[in-house]
Amino acid sequence: MIREGSIHLPFAYAAGPAASRFLVSLRDEGRILGSPCPACRRVLCPARSFCPRCGDETGEPISVGPAGTVVSFTAQAGGVVFGLVRLDGADTAMLHRLLGDGMRWTIGARVRPRLAARRQASITDIEGFEPLQEPGDGT
Amino acid sequence: MRQVAVIGSGQTRHARCRDDVSQAELVREAAAAALADAGLRPADVDAVLLSNMELFEGRAFPELWVGEGAFACGKPCMKIATGGTSGTSTCIAAFHQVASGMFDTVLVVGFEKHSEGHTQTGMALTDPFWDRAVASGALGNFALSISEYMAERGVTERQAALVAVKARRNAAQNPHAHLQMPELTVDEVLASRMLAHPVRLLDMCPQSDGACAIVVASGDRARRLCPRPAWVRATATRHEQPTLGDIDRRLCSMRTLRDAAHAVYAAAGITEPLAELDVAEIYEPVTYAELAWYEALGFCRDGEAGRLIEDGVTTMDGTLPVNPSGGVLSSNPVGASGVIRVAEAALQIHGRGGSRQVEGARLALATGYGVYAWADAIVLGAES
Amino acid sequence: MSERIVALHTMDLTWRYASGEAMERFCAALCERRIEALQCDGCGRRYLPPRPMCGNCRLRLSRWVPVADEGTLVAWTVVHVPILDGRTGELRPAPYGMGLIRLDGADTTLNHFLAEANPARLALGLRVRAVWRPDLRGAMDDILHFEVLP
Ligand SMILES: [Zn+2]
Ligand SMILES: [Zn+2]
């Protein structure tokens with residue numbers, strides 16, 4: 001016998017200082033912050049309090065991007081494309097939506113964030129990343 | 001088997017709501033404090049174990065916080081979840097890893113962020129065919145057993161209130177403790193809001209955000225790093241049948257805790273626990289449970305727990321101080337609570353309990369309790 | 001720290017639970033207002049909920065025995081705190097009575113709601129009887145609650 005059941009549980013997740021700063025900066029200034037690790041010198045994006053690899057506390061967050069490079073991507077059956085994007089100045093890639101035709105994406109494609117008009121300190125204040133037309137780019 | 005000791009610990013400030021930090025940052029606060037306490041760098045740790053309960057954190061893979069917050073990147077790690085005993089079970093697993101020779105130094109971290117979700121509801125998501133429709137979480141479960149316990153053993157609401165007062169007064173000497181009520185009186189406990197007959201608000205543990213970590217090391221390392229290691233003398237863990245109605249007179253019989261206690265006493269050569277133990281850190285989510293545990297742990301005969309608390313036997317200046325930390329009744333970040341019991345028992349052996357130190361403590365008991373289904377007992381001792 | 005960001009999300013998930021053979025038979029009996037337990041041939045315990053194994057004897061269970069919808073109250077409480085019901089996402093109204101009931105013919109107890117929520121009228125040892133919903137669906141909440149017998 002199979003019985004259907006459902007679970008409804010509300011949660012309220014605290015972002016903590018580093019992620020709060022990342023989200024507030026995104027909302028108020030449209031800037032994307034990364035955190036430099038004093039030990040391995042990587043810039044971690046999104047910003048965080050400490051480097052998971054070294055265990056060290058990160059330094060004062062810095063602006064990264066807004067342009068970046070697609071590291072990998074997957075086009076879902078419904079046409080939604082997810083990609084890992086490494087923003088210029090960052091050493092880690094962040095997961096987000098790639099906007100536009102899934103068949104046209106390539107690894108190494110240059111992208112820029114499309115920001116939501118009304119932002120509310122959420123990662124979805126970035127609607128996704130869209131192709132960047134760089135100077136001299138004929139396409 | 002090799003010798004194993006607890007050589008350091010770290011705790012966060014436990015509070016109703018720690019929305020100043022994320023889950024990972026909370027874990028890190030305790031993990032970093034424990035390493036600093038033991039005088040170790042992250043690179044000195046061979047493996048990391050995490051204690052945390054299901055359905056409380058509201059996200060996939062809370063064990064990722066080990067890698068993120070507890071310095072486990074590139075190291076072996078695992079998570080253990082056994083209800084309220086998660087913390088003590090995880091400590092026991094770390095003891096086994098070191099005793100076996102597999103690792104020399106293991107970091108254990110437990111955490112909980114009650115404020116972010118609905119713990120009682122999570123706990124009430126029991127068997128969907130049997131009791132989910134009527135489950136009432138820890139509070140309802142406890143209250144049911146307490147009616148049987150009171151009837152059989154004759155404990156009174158006033159005796160339970162004495163436990164509440166003892167816990168909160170002890171907690172006032174513990175800077176980490178969530179509840180700080182140094183002036184609490186029996187009358188205030190008895191006048192507090194009824195939650196579920198006969199359990200009143202101040203009979204019950206709080207729901208806390210917090211984390212705790214300990215560092216476990218093998219004999220040679222422990223002697224080198226720690227002036228007074230807390231040696232693991234014995235451990236036992238017991239499981240029970242699964243549903244609420246399986247165990248007769250649960251709080252009275254408490255087969256799991258009774259068996260686990262007898263097993264560790266036998267292994268550690270303890271015959272008179274009340275006289276031989278110097279301090280106990282027991283997992284008492286509700287005042288009445290502490291009384292029941294006195295009996296299950298052999299601190300007194302069945303039916304004598306009420307007299308024990310009335311005579312002050314378990315207060316800080318009694319024969320056997322129980323929960324100098326203020327216990328679960330003063331801080332309950334569930335996934336961390338068992339680790340806290342072990343950390344606090346070890347602190348007593350280290351002789352670094354500050355204003356909650358039991359003078360000259362050399363033999364300590366720590367216990368874990370999880371929804372009647374699990375119990376753990378651990379005996380820690382000073383160098384013999 | 002300046003502004004603290006807290007993200008609100010509701011976990012909203014659906015599940016398909018498989019009952020197993022013993023629970024399937026138990027639920028089918030509920031549809032006919034019958035309660036059945038499984039008895040262990042080793043220790044003789046009559047188990048509710050019925051299950052494939054006796055955890056104590058580690059024996060497989062296959063002997064079905066009838067259980068009454070009347071029994072004895074072996075523990076009780078009145079809960080005053082409304083708990084969020086994770087099945088619906090709504091608060092369960094309080095106060096409500098709860099009991100552990102040993103149904104005649106079973107050795108384990110069943111926790112369920114009591115129709116009585118006045119502590120002065122509840123006591124260990126009271127006789128109680130199941131109040132069934134009219135439209136039976138083969139689930140534990142086919143029993144609405146237990147009423148105290150005079
Ligand atoms: Zn680093
Ligand atoms: Zn049996």
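The structure presented is a predicted model; accordingly, all values stated were derived computationally and were not measured.

Draft legend 1. Representation of the packing of aromatic side chains within the structure. All names here are of chain B. The final tally for this structure, using the stated rule, is 10 aromatic pairs over all chains. Considering the side-chain rings of F142 and Y369, the 5.7 Å spacing of their centres and the 35 degrees angle between planes classify their relative orientation as tilted. Of the two residues, F142 sits in helix α5 (residues 137–153) while Y369 sits in strand β10 (residues 363–370), which places them 227 residues apart along the sequence. Considered together, F142 and Y369 belong to a single accessibility category, that of buried residues. When the centroid spacing of 5.6 Å and the interplanar angle of 85 degrees are considered together, the rings of Y369 and Y372 count as edge-to-face. Given the relative accessible area of 5%, Y369 is considered buried. Ring-pair connections join several aromatic residues into one group, and the members of that group are F142, Y283, W293, Y369 and Y372. Across from the ring centre of Y372, 4.3 Å away, lies the NZ or CZ of R250, which sits over that ring.

Draft legend 2. Highlighting the interface of chain B and chain C. Contacts between the two partners involve 38 residues from chain B and, on the opposite side, 47 residues from chain C. Approximately 3600 Å² of surface area, both sides summed, lies buried where chain B meets chain C, with 62% of it carried by carbon and sulfur atoms. The tally of links from chain B across to chain C stands at three salt bridges. Residue R51 of chain C is joined to D246 of chain B by a salt bridge in which the shortest nitrogen-to-oxygen separation is 2.7 Å. Seen at the junction of chain B and chain C, the total is 20 residue pairs in polar contact (both at pLDDT 80 or more). Contributions of two or more residues to the side of chain B that touches chain C are made by α4 (119–123), α5 and β5 (194–196) of chain B. For the side of chain B that touches chain C, the element with the highest residue contribution is α5 of chain B, accounting for eight residues. Looking at side-chain class alone, the side of chain B that touches chain C contains 17 nonpolar, 12 polar and nine charged residues.

Draft legend 3. Spotlight on the interface of chain A and chain B. In this assembly, 21 residues from chain A lie in contact with 28 residues from chain B. Counting each side, the surface lost to burial between chain A and chain B is near 1800 Å², with a carbon and sulfur contribution of 60%. Our count for the contact surface shared by chain A and chain B stands at zero salt bridges. Our count for the contact surface shared by chain A and chain B stands at five residue pairs in polar contact (both at pLDDT 80 or more). At the level of secondary structure, the elements contributing two or more residues to the side of chain A that touches chain B comprise β1 (2–14) and α1 (16–29) of chain A. Looking at the side of chain A that touches chain B, the element that brings in the most residues is β1 of chain A, giving eight residues.

Draft legend 4. How the structure looks around the coordination of the zinc ion (ligand 1). All names here are of chain A. Coordination of the zinc ion (ligand 1) by the protein is provided by C37 (SG), C40 (SG), C51 (SG) and C54 (SG), with metal-donor distances spanning 2.2 to 2.4 Å. Geometry at the zinc ion (ligand 1) is tetrahedral, judged from its four donor atoms and the angles of 103 to 118 degrees they form at the metal. Between consecutive donor residues of the zinc ion (ligand 1), the sequence gaps follow C-x2-C-x10-C-x2-C. With C37 in the loop between β2 (32–36) and β3 (43–44) and C54 in the loop between β3 and β4 (62–64), this pair connects stretches of sequence that are 17 residues apart.

Draft legend 5. Spotlight on the sheet that holds strand β2 (residues 35–39) of chain C. Residue and element names in this part refer to chain C. Here three strands make up an open sheet; going across it, the order is β3-β2-β6 and the pairing antiparallel. Every interior strand has two partners, whereas the edge strands, β3 (46–47) and β6 (63–67), have only one. For β2 and β3, the ladder comprises two bridges, and the chain directions are antiparallel. Following the sheet pairing, L38 is matched in β3 by Y47.

Draft legend 6. Main features of a nonpolar patch on the surface. Residue and element names in this part refer to chain A. Taken together, the side chains of F82, L84 and L95 make up a nonpolar region of the molecular surface, amounting to roughly 250 Å² of accessible area. Tracing the backbone shows L84 in strand β6 (residues 81–87). Given a relative accessible area of 31%, L84 falls into the partly exposed group.

Draft legend 7. Structural view of unusual backbone geometry. The amide bond that connects H197 of chain B to the next residue, P198 of chain B, takes the cis arrangement and shows omega of -5 degrees. Although it is not a glycine, N323 of chain B adopts a positive phi angle of roughly 60 degrees. With a phi angle near 55 degrees, R33 of chain C is a residue other than glycine that sits in the positive phi range. By the secondary structure assignment, R33 of chain C is in the loop between α1 (21–30) and β2.

Draft legend 8. Broad picture of the coordination of the zinc ion (ligand 2). Those donors, C40 of chain C (SG), C43 of chain C (SG), C54 of chain C (SG) and C57 of chain C (SG), are the protein atoms that reach the zinc ion (ligand 2), and they lie 2.3 Å from it. Metal-centred angles of 106 to 113 degrees between the four donor atoms at the zinc ion (ligand 2) mark the site as tetrahedral.

Draft legend 9. Local environment of the packing of helix α10 (residues 255–268) of chain B against helix α12 (residues 287–296) of chain B. Residues and elements named next belong to chain B. Between α10 and α12, the least distance of the axes is 9 Å, while the angle of their chain directions is 45 degrees. The angle between α10 and α12 places the two elements in the oblique class. In this structure, α10 crosses over α12, and the sense of that crossing is right-handed. Mapping the contact onto sequence places L257, R258 and A261 in α10 and W293, E295 and A296 in α12. Each residue belonging to the contact of α10 with α12 can be placed in one class, and the counts come to four nonpolar, no polar and two charged.

Draft legend 10. The environment of C37 of chain A, seen in detail. A relative accessible area of 2% means that C37 of chain A is categorised as buried. Setting aside residues up to four positions removed in sequence, C37 of chain A forms contacts with R42, C51, C54, D56 and T58 of chain A.

Draft legend 11. A look at the sheet that holds β4 of chain A. All names here are of chain A. Strand order in the open sheet formed by three strands is β3-β2-β4, with antiparallel pairing between adjacent strands. Each edge of the sheet is formed by a strand with only one pairing partner; in this case those strands are β3 and β4. Taken together, the three bridges between β2 and β4 define a ladder with antiparallel strand orientation. Residue L33 lies in a different strand from β4, and its bridge partner there is S63.

Draft legend 12. Spotlight on the pattern of salt bridges. Evaluated as defined, the whole model comprises 48 salt bridges over all chains. Of the charged contacts in the structure, one is a salt bridge between R34 of chain C and E32 of chain C, with a shortest N-O distance of 2.8 Å. Given a relative accessible area of 36%, R34 of chain C falls into the partly exposed group. Taking the shortest distance from any N to any O, the salt bridge between E70 of chain C and R127 of chain C comes out at 3.5 Å. Here E70 of chain C, found in strand β7 (residues 70–79), pairs with R127 of chain C, found in strand β12 (residues 127–132); they are 57 residues apart in sequence, far enough to count as distant. Note on R127 of chain C: relative accessible area 31%, which makes it partly exposed. Linked through salt bridges whose partners overlap, the residues forming this network are E152, R153, R249, R258, E295 and D302 of chain B.

Calculation criteria
Residues numbered from 1 in each chain as written. Chains lettered and ligands numbered in written order. Predicted model: local features only at pLDDT ≥ 70, side-chain atom pairs only at ≥ 80, totals over all residues. Heavy atoms only, no water. Phe/Tyr/Trp six-rings, centres within 6.5 Å; stacked < 30°, edge-to-face > 60°. Helix = DSSP H or I, 4+ residues; strand = E, 2+ residues; numbered from the N terminus. Buried < 20%, exposed > 50% of the residue type's maximum accessible area, 1.4 Å probe, protein only. Lys NZ or Arg CZ within 6 Å of the ring centre and 35° of its normal. Contact = heavy atoms within 4.5 Å. Buried area = accessible area lost by both parts, 1.4 Å probe. Salt bridge = Lys/Arg side-chain N within 4 Å of Asp/Glu carboxyl O. Polar contact = N/O pair within 3.5 Å; in protein donor to acceptor, adjacent residues only side chain to side chain. Nonpolar A, V, L, I, M, F, W, Y, C, P; charged D, E, K, R; others polar. Donors = N, O, S within 2.8 Å, 3.2 Å for Na, K, Ca; no water. Tetrahedral: all angles 85-135°; square planar, octahedral: opposite > 155°, others 65-115°. Pairing = 2+ DSSP bridges. Patch = residues over 30% accessible without salt bridge, like charges linked within 9 Å, V, L, I, M, F, W, Y side chains within 5 Å. Areas by Shrake-Rupley, 256 points an atom, 1.4 Å probe, with all protein chains shown as cover. Axes fitted to C-alpha atoms, helices over the stretch in contact; angles between N-to-C directions. Parallel < 35°, antiparallel > 145°, perpendicular 65-115°, else oblique. Left-handed = near helix turned anticlockwise from the far one by under 90°.

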